[in-house]
Amino acid sequence: MTDTIVKPSTDSITQERRIVTAIPGPKSEALHRRRLAAVPAGVNSALPAYIESAHGAILRDVDGNQFIDMGAGIGVTTIGHTDDAVVAAVAEQVAKLTHAAFTISPYEGYVRVAELLAEHTPGTHAKKSVLQNSGAEAVENGVKIARKYTGRNGVAVLDHAYHGRTSLTMAMTFKAMPYALGFGPFPGDVYRAPNSYPYRDGLSGADAAKRTIAYLEKSVGASDLACLIVEPIQGEGGFQVPAEGFLPALQAWCTANGIVFIADEIQSGMARTGAYFASEHFGLVPDMVLSAKGIAGGLPLSAITARAEIMDASHPGGLGGTFGGNPVACAAAIAVFEQIESEGLLAKAAGIHSILAPALRDLQAKYDIIGDVRGIGAMNAIELVLPGTQEPNTAALASIVAYAAQHGVLFLTAGTYGNVLRFLPSLAISDELLREAIGVLGEAFAAL
Ligand code: PLZ
């Protein structure tokens with residue numbers, strides 16, 4: 001028995017970009033060879049530099065290279081990698097209670113996270129939350145709860161949506177390749193309707209909503225729909241910010257027809273856009289909000305938060321799961337909510353936008369392959385096209401991401417057409433590091 005807890009320190013990770021080997025370096029190459037024998041090719045990695053540790057906005061790989069992380073693990077470490085308060089909360093909790101199964105023996109952390117979600121999701125109505133482990137599980141449970149409440153089966157989703165990789169959520173996700181192709185059969189009663197994609201459809205919010213609603217009324221019928229699920233800003237599909245008025249019109253139609261309006265805020269929520277939830281930017285008060293990713297500082301946790309009467313329609317024992325709302329993940333989430341307040345992170349997200357958005361528009365003025373610049377807060381993207389057209393320019397995207405990786409900046413891609421570069425930095429990123437990442441992006445464009 002040892003009486004000291006060895007706490008691996010991330011103190012030595014300076015907040016700086018540093019490339020000391022080829023990318024990937026020799027230790028990463030060696031790990032990659034082991035991986036190819038043990039992990040199937042179906043599980044891909046964007047950049048096979050194996051990460052050893054991380055802090056703030058910096059990732060350090062096994063060869064000692066340090067990358068500016070412009071992806072935050074797909075929008076998860078929103079308040080920064082190994083945030084000190086999260087690490088302390090997790091360390092304390094892990095020594096006290098790692099698991100009890102809330103459906104067997106309850107504990108306070110789960111209740112506290114549900115209270116915090118009720119407080120910070122849009123609307124002042126009575127709300128209740130169920131906790132799960134992943135985004136897809138939150139979507140699955142959200143649909144299940146909406147069906148039980150309405151006594152209806154139909155699930156409406158939008159073009160370009162991403163909701164996950166489980167059976168139901170594959171059916172709800174737009175893009176077949178790589179997410180669903182050959183992985184069927186898929187559950188029925190999922191109906192896909194047009195979204196609002198201002199850059200490509202040129203429609204006003206009102207016209208786009210009219211089109212979506214007409215499509216659903218004709219192809220399904222409002223009275224057969226349990227729910228309509230939307231990402232207020234679409235994530236994997238390409239960071240489409242819908243035209244003004246689109247989402248409120250959809251919500252009004254849902255309310256008039258007894259359809260549960262669900263905001264999938266798994267990528268856009270938890271301070272990412274400068275509001276706790278992106279719904280707020282559009283004046284939405286969803287009947288149900290789904291959270292995951294940024295909620296627990298890197299630990300797996302997701303949540304379904306909805307009007308109390310919707311939640312209470314499910315019978316006792318109808319909702320649960322062995323790991324859902326794990327005590328360690330809940331402790332992390334409570335620390336994340338506290339950090340958002342005490343570190344003023346909503347304002348920091350807006351500050352990131354005020355640096356990033358003008359810089360991206362400057363690049364657009366210089367390079368005609370940037371068709372569109374869009375985003376809110378710290379959730380931004382550019383869409384790359386062939387000059388003078390809206391044809392996707394996937395080759396330029398691949399070159400830019402590769403150049404940046406070689407020069408110590410990790411950028412993520414997105415988009416139905418595979419031509420979107422997205423920016424999801426941690427809100428803990430310093431202005432200097434952000435400017436440095438933008439500088440590398442400029443070099444990457446110049447090198448095309
Ligand atoms: N809803 C809006 O963004 C996850 C997927 C990464 P899970 N997005 C990243 C990949 O390639 O698998 C996501 C999302 C929105 C649902 C999900 C699903 O969340 O935690 O990945 O299940």
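Residues numbered from 1 in each chain as written. Predicted model: local features only at pLDDT ≥ 70, side-chain atom pairs only at ≥ 80, totals over all residues. Heavy atoms only, no water.

Turning next to the domain arrangement of the chain. How big an interface is tends to be reported as the loss of accessible area on association of its parts. We note that the domain assignment places domain 1 (26-82 + 344-447) and domain 2 (88-342) within the chain. For domain 1 and domain 2, the distance between their C-alpha centres works out to 25 Å. With 37 residues of domain 1 in contact, the opposing surface of domain 2 contributes 35 residues. Among the residues of domain 1 in contact with domain 2, Leu346, Ile376 and Met379 are the three that bury the most area, contributing 24% of the side total. Measuring nitrogen to oxygen at the nearest pair gives 2.6 Å for the salt bridge that ties Glu383 to Arg200. Viewed at the interface, domain 2 and domain 1 are joined by 18 residue pairs in polar contact (both at pLDDT 80 or more). Sorting the residues of the side of domain 1 that touches domain 2 by element identifies helix H2 (72-75), helix H12 (345-366), strand S11 (370-376), strand S12 (379-384) and strand S15 (420-423) as the ones contributing at least two each. Among the elements that line the side of domain 1 that touches domain 2, the one with the most residues is S11, at five residues. A per-class count over the side of domain 1 that touches domain 2 returns 19 nonpolar, 14 polar and four charged. (Domains from an automatic or database assignment. Contact = heavy atoms within 4.5 Å. Buried area = accessible area lost by both parts, 1.4 Å probe. Salt bridge = Lys/Arg side-chain N within 4 Å of Asp/Glu carboxyl O. Polar contact = N/O pair within 3.5 Å; in protein donor to acceptor, adjacent residues only side chain to side chain. Helix = DSSP H or I, 4+ residues; strand = E, 2+ residues; numbered from the N terminus. Nonpolar A, V, L, I, M, F, W, Y, C, P; charged D, E, K, R; others polar.)

Under the counting rule described, the total for this entry stands at seven aromatic pairs. Here Phe102 and Tyr107 contribute two aromatic rings whose centre-to-centre distance is 5.4 Å and whose plane-to-plane angle is 85 degrees, an arrangement assigned as edge-to-face. With a relative accessible area of 24%, Phe102 lands in the partly exposed category. Taking relative accessible area as the criterion, Tyr107 reaches 12% and is therefore assigned buried. With a centroid separation of 6.1 Å and an interplanar angle of 20 degrees, the aromatic rings of Tyr276 and Phe337 are classed as stacked. Of the two residues, Tyr276 sits in the loop between strand S8 (260-264) and strand S9 (288-291) while Phe337 sits in helix H11 (residues 327-342), which places them 61 residues apart along the sequence. An aromatic cluster is present here, built from Phe102, Tyr107 and Tyr110 joined pairwise through their rings. (Phe/Tyr/Trp six-rings, centres within 6.5 Å; stacked < 30°, edge-to-face > 60°. Buried < 20%, exposed > 50% of the residue type's maximum accessible area, 1.4 Å probe, protein only.)

A word on helix H14 (residues 431-446). The α-helix advances 3.6 residues per turn, and as a result positions three or four apart in sequence lie on the same side. With 16 residues, H14 extends 22 Å from end C-alpha to end C-alpha; this agrees with the ideal 22 Å at 1.5 Å per step. The set of residues buried in H14 consists of Leu433, Leu434, Ala437, Ile438, Val440, Leu441, Gly442, Ala444 and Phe445. (Expected span 1.5 Å × (residues − 1).)

Inspection of the region around the ligand gives 14 residues, with Gly135, Ala136, Arg165, Asp264 and Gln267 positioned closest. Gly135 is positioned with one of its backbone polar atoms (N or O) 2.8 Å from an oxygen atom of the ligand. Note that a nitrogen atom of the ligand is positioned 3.2 Å from one of the side-chain N or O atoms of Glu236. When the ligand sits alone it has 520 Å² of accessible area, and the protein chains cover 82% of it. Along the lines of polarity and charge, the residues of the shell around the ligand split into four nonpolar, five polar and five charged. (Near = heavy atom within 4 Å. Areas by Shrake-Rupley, 256 points an atom, 1.4 Å probe, with all protein chains shown as cover.)

Before going further, it helps to examine the sheet that holds strand S3 (residues 66-69). Strand order in the open sheet made by the four strands is S1-S2-S3-S13, with mixed pairing throughout. For this open sheet the edge positions go to strand S1 (51-55) and strand S13 (409-410), each flanked by a neighbour on one side alone. Pairing of S1 with strand S2 (residues 58-61), which is carried by four bridges, proceeds in the antiparallel orientation. Following the sheet pairing, Ser53 is matched in S2 by Arg60. (Pairing = 2+ DSSP bridges.)

The subject of this paragraph is the packing of helix H8 (residues 205-219) against helix H9 (residues 246-256). Interaxial distance between H8 and H9 falls to 8 Å at its minimum, and their mutual angle equals 35 degrees. Viewed along their axes, H8 and H9 form a crossing whose handedness is right-handed. For the pair formed by H8 and H9, the contact residues are Gly205, Ala208, Ala209, Thr212, Ile213, Leu216 and Glu217 on the first element and Phe246, Ala249, Leu250 and Trp253 on the second. (Axes fitted to C-alpha atoms, helices over the stretch in contact; angles between N-to-C directions. Left-handed = near helix turned anticlockwise from the far one by under 90°.)

Moving on, we come to H11. The end-to-end C-alpha separation of H11 is 23 Å, in line with the 22 Å expected for 16 residues at 1.5 Å each. Counted residue by residue, H11 has 13 buried out of 16 residues, so it is predominantly covered. N-capping of H11 is provided by Asn326, with a side-chain oxygen placed 2.8 Å from the backbone N of Val328. Positive backbone phi, approximately 60 degrees, marks Gly344, located one or two places after H11.

Another point: unusual backbone geometry. With an omega dihedral of 15 degrees, the bond running from Met177 to Pro178 counts as a cis peptide bond. On the secondary structure map, Pro178 appears in the loop between helix H6 (167-172) and strand S6 (190-193). In this model, Ala72 sits at a positive phi of 50 degrees, which is unusual for a non-glycine residue. Phi at His160 takes a positive value of approximately 75 degrees, unusual for a residue other than glycine. Residue placement: His160 occurs in the loop between strand S5 (154-158) and H6. Owing to a relative accessible area of 7%, His160 belongs among the buried residues under this scheme.

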